[in-house]
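Working through the structure, step by step
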Amino acid sequence: MLINRTVLRFVTSARGHLALTVLLGLAASAAAVGTAFALAEVVARVLSASAAGSDAGRELGDALAPLAVAAALTLTRAGLLWWRDQCAVRAAIDVKHRVRARLVRHLFALGPAHARRTRSGGVQATLVDGVEHLQAYVGFYLPQVVVSLVVPATLVGILATRDVAVAVLVAVGVLSVPIAQRLWKRLLGERADVHWKAFESYAARIADTLAGIVTLISLGATRRAGQRLAEQAEQLRAATSANLRASLGVYIVTATAMSAGTAGATVLAAVHAAQGSLRPSDVLLVLFLAAECFRPLQDLQTYWHEGFYGLSAARGIAQLLDTPPVVAERPDAAPASLRTPPALSVDDVTYRYPGATQPALREVSLQIPAGSTVAVVGPSGAGKSTLVQLLLRDLDPDSGTVAIDGHDLRDLPLNQLRRTTALVAQDVVLLDGSVWDNIRLAAPDADDAQIMAAVRAARVDELADSLPNGLDTPVGERGGTLSGGQRQRVALARALVARAPVLVLDEATSALDAENEALVTEALHGPGADARTTIVVAHRLSTVARSDLIVVLDAGRVVEAGPPAELARMGGAWARMLQIQRASLQTAGAVR
Amino acid sequence: MSHPPATGVSHPPATGVSNPSATGASNPPATGTPLLSFDGLRVALGPSQPLFAVCVLLNLVSAVAGAAAAALGAWAVSRAILGAPADDLWLPAVLVAGCVVVRTIAVWLEAWLSHAVSFQMMARVRGWIFASLARIAPAGLARRRAGDVATTTLTDSEALEIFYAHTSIYIASSVVTTPVLLAGLAVIDPAVAVAVAPVLVLACVAPLLLRRAAIRHGQAIRETLAELGAEVTENVGAVREIVGYGLTARREERIRHLDEKLGRLQVANTRRAGLETGVAGVVATLGVVVAGAVGGWKVGDGSLAPELLAPAMTLAGYAPSALLQLIGVSRHSGTTRQAAERIAALLYAPTPVDRSGTGTVPDGDTVGLAAERVSFTWPRAANAMRDDAQDAAQADTHAGPGPDAPTLQEIDLRIDAGENVAIAGRSGAGKSTFAALLARLADPDDGAVLAADVDLRELSAESMAAAVGLVPQDVFLFHDTIRSNLLLALTDETPPEDETLWRALETAQIDSLVRSLPAGLDTVVGERGATLSGGERQRLALARAILSGTRALVLDETVSQLDVANERGVRDALAADTSERTTVVIAHRLSTLLGAERIVVLDRGRVVGDGTHDQLLDSCATYRDLVEPQLAALRSSPRM
Ligand SMILES: Nc1ncnc2c1ncn2[C@@H]1O[C@H](COP(=O)(O)OP(=O)(O)OP(=O)(O)O)[C@@H](O)[C@H]1O
Ligand SMILES: Nc1ncnc2c1ncn2[C@@H]1O[C@H](COP(=O)(O)OP(=O)(O)OP(=O)(O)O)[C@@H](O)[C@H]1O
Ligand SMILES: [Mg+2]
Ligand SMILES: [Mg+2]
């Protein structure tokens, strides 16, 4: 039998419906057995009538009563089966509902850093298709396991009272099914794992290829990508075939046991009847009962196929649920009272990405005074975005501490931290909806005036003028129908409207033209600026020139930190960066 | 003014997009062919048609052998009851055993072969879908959510495969098997056969009567699942935003809502499907009961041998077996139909950019680019879709002026072969849109874009890819190794020496990073390149474009996330690169603009300036606004 522990955890909640499903399944089987008795009786009466050669008409009248019983029981069975289906589906829906809710919650609990490492297509496969596969497994396969244990056992018992040899024969046939399933179970388990992994990665590959289809077209690489998809499909096929070979083995054993068992029992019963050791009516009963013995097993076999996918999906689900979050909230985390705006400090922090050889940050220390604007600059790959993730606690340092107003971030509840901070990420992601929806979502309680203030500060008003429906224009998936700079401005307005005391801008104006950038920078330094602590990562001189403090990162180390004017005088890294900028413009005669 | 050659008319996928022999995929059915039809099946089967026929035959054999075994058994039993000696039972016993063996073999073979057929067909259907996606992207995909399209490729194709590889076998087999079994019954007794026939009709009628409801349910369920898929995908991509802005509860609620909707639909569906299960569960027994009644009566009046009553009843029980198989899968017919419709919507979607041209760019070193009175407006598909009454009402109250001006208007521009031109302009001016037209991701509404004086619409897909390369503003890297990401740019079947890859990486100034990675070129970069920094991703995409060796290169903000030193390194390396090429650089940053020989200024979709930095400072107000803040920052920063 295919039983999975993760699923069982969720099944307990649907106990009631499942128990009812089992009962109805048993009742339907009982109706079928009753029908078998009645039909045996019909044939027996007709045969005995014709054998006696007596008044055939009256004897036939006798056969009508069992025939009516058979018909009535058959209709009852139809009703019972209908009802069983309803219960089965309700039970399954209940379980799926819980599993999905848990998965989504866990997905969010795993946090942003995990989301960056995971493959969205795979998660979609688990959460949508995987959970759907549970329906047949939970609603139909599991209850049928009970039915196919109870019914054959009972019927073999009844058969034994009539003809022990036949009962033994049927019992052997019946038992061969669970034994075959047991024998194949380990193999199936492994294959199920392989199959699910292949399915998941195929799903992920499809999603990835679709997301990059424009790149493929402009590289003229759609054919090659199509081939690669086909190759991966081939891997999935291989995994599925291996899987099927295993389950076909069980299928063949079951099918053979059923047809050989029924046929063998029938012939044996006929022989016994001919020898006179079995009463005629019992022979017929054996004939019909033997078939009923195998019926639940046959149904189990049908559900097995679907249930099998449920089992492999369950492994995928278990795997996701068992993944620990990248940053976990401490059980004793308590909200701290923070000043508005708070100060931040990074003390001797080292961080290495899993799988990387070099740390992305080494022994980084820096102080970000309350209410100040601190610029983080440095070459691409220096570790600026990594530092941002540590400041927001998307990542925890390997060593050293990041603190807000003197409290280690790890001591605070994640919620408090996230309310305190707002980020405009380097890769802006907008949610499907209008421009307005995207800004509004950061502050459901803000009034329109507050939102409009943020809209103006981020220069979204200017862009709305050029959109077909102004602020109500849909932004498309991930914000795809906006230009790069428009997307950044919407993200900026969204962060501003959240009114978080700590604002982190990671290359937030890199796609803005200088005019808009100047206006945005102006607004950021304008009224209300000292109500927040601002961290700006940027390359453009104009974006960072007015900050209170400049931190220069290079290859994961802080090479310089101080007020811009001071650093410029010192002639260190920052001064050199200025010099290069100036030189690059001077050569073209732009700065005279 | 030249007009696009028959855009908007659908074409079979262009050569170069799908190569039937290479991918093992066949061409999709002719536009408009219903997928769930004999024609659809025939095309999907392709070369697997004989295998399919064998499956139908095996299904027939297993059904008949099963029925024969049971009927012979019943006959033996009846004879025994009626007093035949045990020795007379040998013949039926041997026959029964033979039938069982035949049936077992047939069942096993059919299971094997039908799965082989199904995999071949699935590969074919997925091949069609992908070729169609490549044909209609990006414009044809704009109104579809990515998660939704993924569902179609993955799950809908499975549903279609079930139809092709299983349902259709059962249909064919029911048509053949049922009459055969009924004929067998008629041989025993015609009256019994006639009486049982209506029961079989009942087995067909129930699903047919419920068909409409089945389709409706299937449609709603499928749509909800697709929505759920799209929602999940969006959530995974936006976890940072969702947890950062405290949206978790709301997003969980949205999923819960969809899930509940799905549950309600499935309950409604089961109310119907349960009827089918019920009917399927008793049809066989009903047949037995009817045969028992009629047969018993005929035994009574002496026209049927008594030992044939039980075999007749048994056979009557087997008569609907093929139909039952069919009911078993046709319970999903609604889902199948909806899946087929969604696939058809992709397969038969009109071609927004027809890449079936055959023109080539003359051989030579570089190509010049030109735009001739080009106008372009982005389709408003996304709006139109949501335009239900409520949204429209809201739009009226909130909307800004909502100008209907085209995104690009009458752009006339020549970029000579080998020239290095920069394009500047405010955010939203239409720079990336222009780049998209240069790379032919879309065709202009009016006017023409030319490469080496050939209209892009006339070029074959390969010549186009070889002529113009684009590094888009949002670079995309695949979840794969750096090597695979780079190799996408090359058409040759044999992969080049690593040396070639390293040279491209060096030109893009990303070689040292790649060398420092644990697996070097074989490092996997994560989804969308997530394990790299922003600037590293840009440089890797640049390296890929350089490797492709296109003769004109359009770089959309490709160095925006590099520091100035790095940016200059890239620029110098590109200039020193031996292969001559035309370069169009889109940038905001002054230092980048100054690297070009000529700067073109766009404003609200029009060209408003064209010249060198000094000329533009004097003549172009838009340009002055664009660069003045950057000059000011530099002037005010303290000198050493
Ligand atoms: N998830 C990850 N796994 C492994 N390495 C990573 C990951 N993310 C970043 N890195 C590496 O860590 C280093 C620092 O990356 P980071 O994103 O912090 O750079 P950055 O300073 O923000 O650069 P840029 O200006 O290009 O955005 C880079 O070399 C990058 O390749
Ligand atoms: N796929 C799209 N669908 C609909 N409208 C679009 C699409 N892409 C861009 N637009 C709109 O077309 C206009 C021009 O956008 P484009 O991306 O060309 O600007 P851009 O000059 O590149 O700006 P940026 O400097 O911010 O990248 C914008 O108003 C934008 O909203
Ligand atoms: Mg970064
Ligand atoms: Mg752009």
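Parameters at a glance
Each chain carries its own residue numbering, running from 1 in the written order of its sequence. A letter from A marks each chain and a number from 1 marks each ligand, given out in the order of writing. Per-residue local features of the predicted model are confined to residues with pLDDT of at least 70, and side-chain atom pairs are confined, for both listing and counting, to 80 or more; whole-chain, interface and lining totals are unaffected and use all residues. By convention in this description, side-chain values take in all heavy atoms of the structure and omit both hydrogens and water. UniProt positions are given in the numbering used here, feature names are shortened, and annotations may be inferred rather than shown by experiment. Two residues qualify as a contact provided that any one of their heavy atoms is within 4.5 Å of a heavy atom in the partner residue. Buried surface area refers to the total accessible area, computed with a probe of radius 1.4 Å, that the two partners give up upon joining, counted for both partners together. Should a side-chain nitrogen of Lys or Arg be within 4 Å of a carboxyl oxygen of Asp or Glu, the pair is scored as a salt bridge. Any N or O atom pair separated by 3.5 Å or less is treated as a polar contact, with the protein-specific requirement of one donor-capable and one acceptor-capable atom, and with residues adjacent in sequence counted only for side-chain atom pairs. Secondary structure elements follow DSSP: runs of H or I of four or more residues count as helices, runs of E of two or more count as strands, with numbering from the N terminus. Three categories are distinguished: nonpolar for Ala, Val, Leu, Ile, Met, Phe, Trp, Tyr, Cys and Pro, charged for Asp, Glu, Lys and Arg, and polar for the others, with Gly belonging to the last. Metal donors were taken as nitrogen, oxygen and sulfur atoms no farther than 2.8 Å from the ion, or 3.2 Å where the ion is Na, K or Ca. Water is excluded, so coordination may look unfinished. Remark: exposure states derive from per-residue accessible area (1.4 Å probe, protein chains only) relative to the maximum for the residue type, with buried under 20%, exposed over 50%, and partly exposed in between. Strands qualify as paired when DSSP identifies two bridges or more between them.

If you look chain B up in an unreviewed UniProt entry, it shows as ABC transporter ATP-binding protein from Phytoactinopolyspora halotolerans. The heading Subcellular location (unreviewed entry) in the UniProt record of chain B holds the text "Cell membrane". Heading Sequence similarities (unreviewed entry) of the UniProt record for chain B holds this comment: "Belongs to the ABC transporter superfamily. Lipid exporter (TC 3.A.1.106) family."

The name that an unreviewed UniProt entry assigns to chain A is ABC transporter ATP-binding protein, with the source organism given as Phytoactinopolyspora halotolerans. Chain A has a UniProt comment under Sequence similarities (unreviewed entry) that states "Belongs to the ABC transporter superfamily. Lipid exporter (TC 3.A.1.106) family." Of chain A, the UniProt comment under Subcellular location (unreviewed entry) reads exactly: "Cell membrane".

The partner chain B presents 172 residues to the 171 residues of chain A that form the contact. Both sides of the chain A and chain B interface together cover about 15000 Å² of buried area, and 66% of this is carbon and sulfur. On inspection of chain A and its partner chain B, the count reaches 8 salt bridges. Between Arg426 of chain B and Glu515 of chain A there is a salt bridge; the shortest N-O distance is 2.9 Å. Across the chain A-chain B interface, the total number found is 33 residue pairs in polar contact (both at pLDDT 80 or more). With 29 residues, helix H7 (residues 222-275) of chain A is the single largest residue contributor to the side of chain A that touches chain B. Residues belonging to the side of chain A that touches chain B are distributed by class as follows: 86 nonpolar, 48 polar and 37 charged.

It is worth spelling out the coordination of the magnesium ion (ligand 3) at this point. Residue and element names in this part refer to chain A. Here the magnesium ion (ligand 3) is held by Ser385 (OG) and Gln426 (OE1), and the distances to it run 1.9 to 2.2 Å. Placement of the pair is Ser385 in helix H9 (residues 384-391) and Gln426 in the loop between strand S6 (421-424) and helix H11 (435-440), with a sequence separation of 41 residues. Looking at Gln426, the relative accessible area reads 13%, which means it is buried.

As a further point, take the sheet that holds strand S2 (residues 408-415) of chain B. Residue and element names in this part refer to chain B. An order of S2-S1-S4-S5 is seen for the 4 strands of this open sheet, with the pairing classed as antiparallel. Unpaired on one side and paired on the other, S2 and strand S5 (454-455) mark the two borders of the sheet. When strand S4 (residues 446-451) meets S5, the two strands line up antiparallel, connected through 2 bridges. Residue pairing across strands places Ala451 opposite Val454, the latter belonging to S5.

Residue and element names in this part refer to chain B. Across the 5 residues of strand S8 (residues 582-586), 5 count as buried, placing the element largely inside the fold. Because side chains alternate across S8, one face comprises the buried residues Thr582, Val584 and Ile586, and the other comprises Thr583 and Val585, equally buried. Two strands pair when backbone bridges link them, and strand S7 (residues 552-556) and S8 are joined in this way by 5 bridges, in the parallel orientation. Looking across to S8, one finds that Asp556 is bridged to Ile586.

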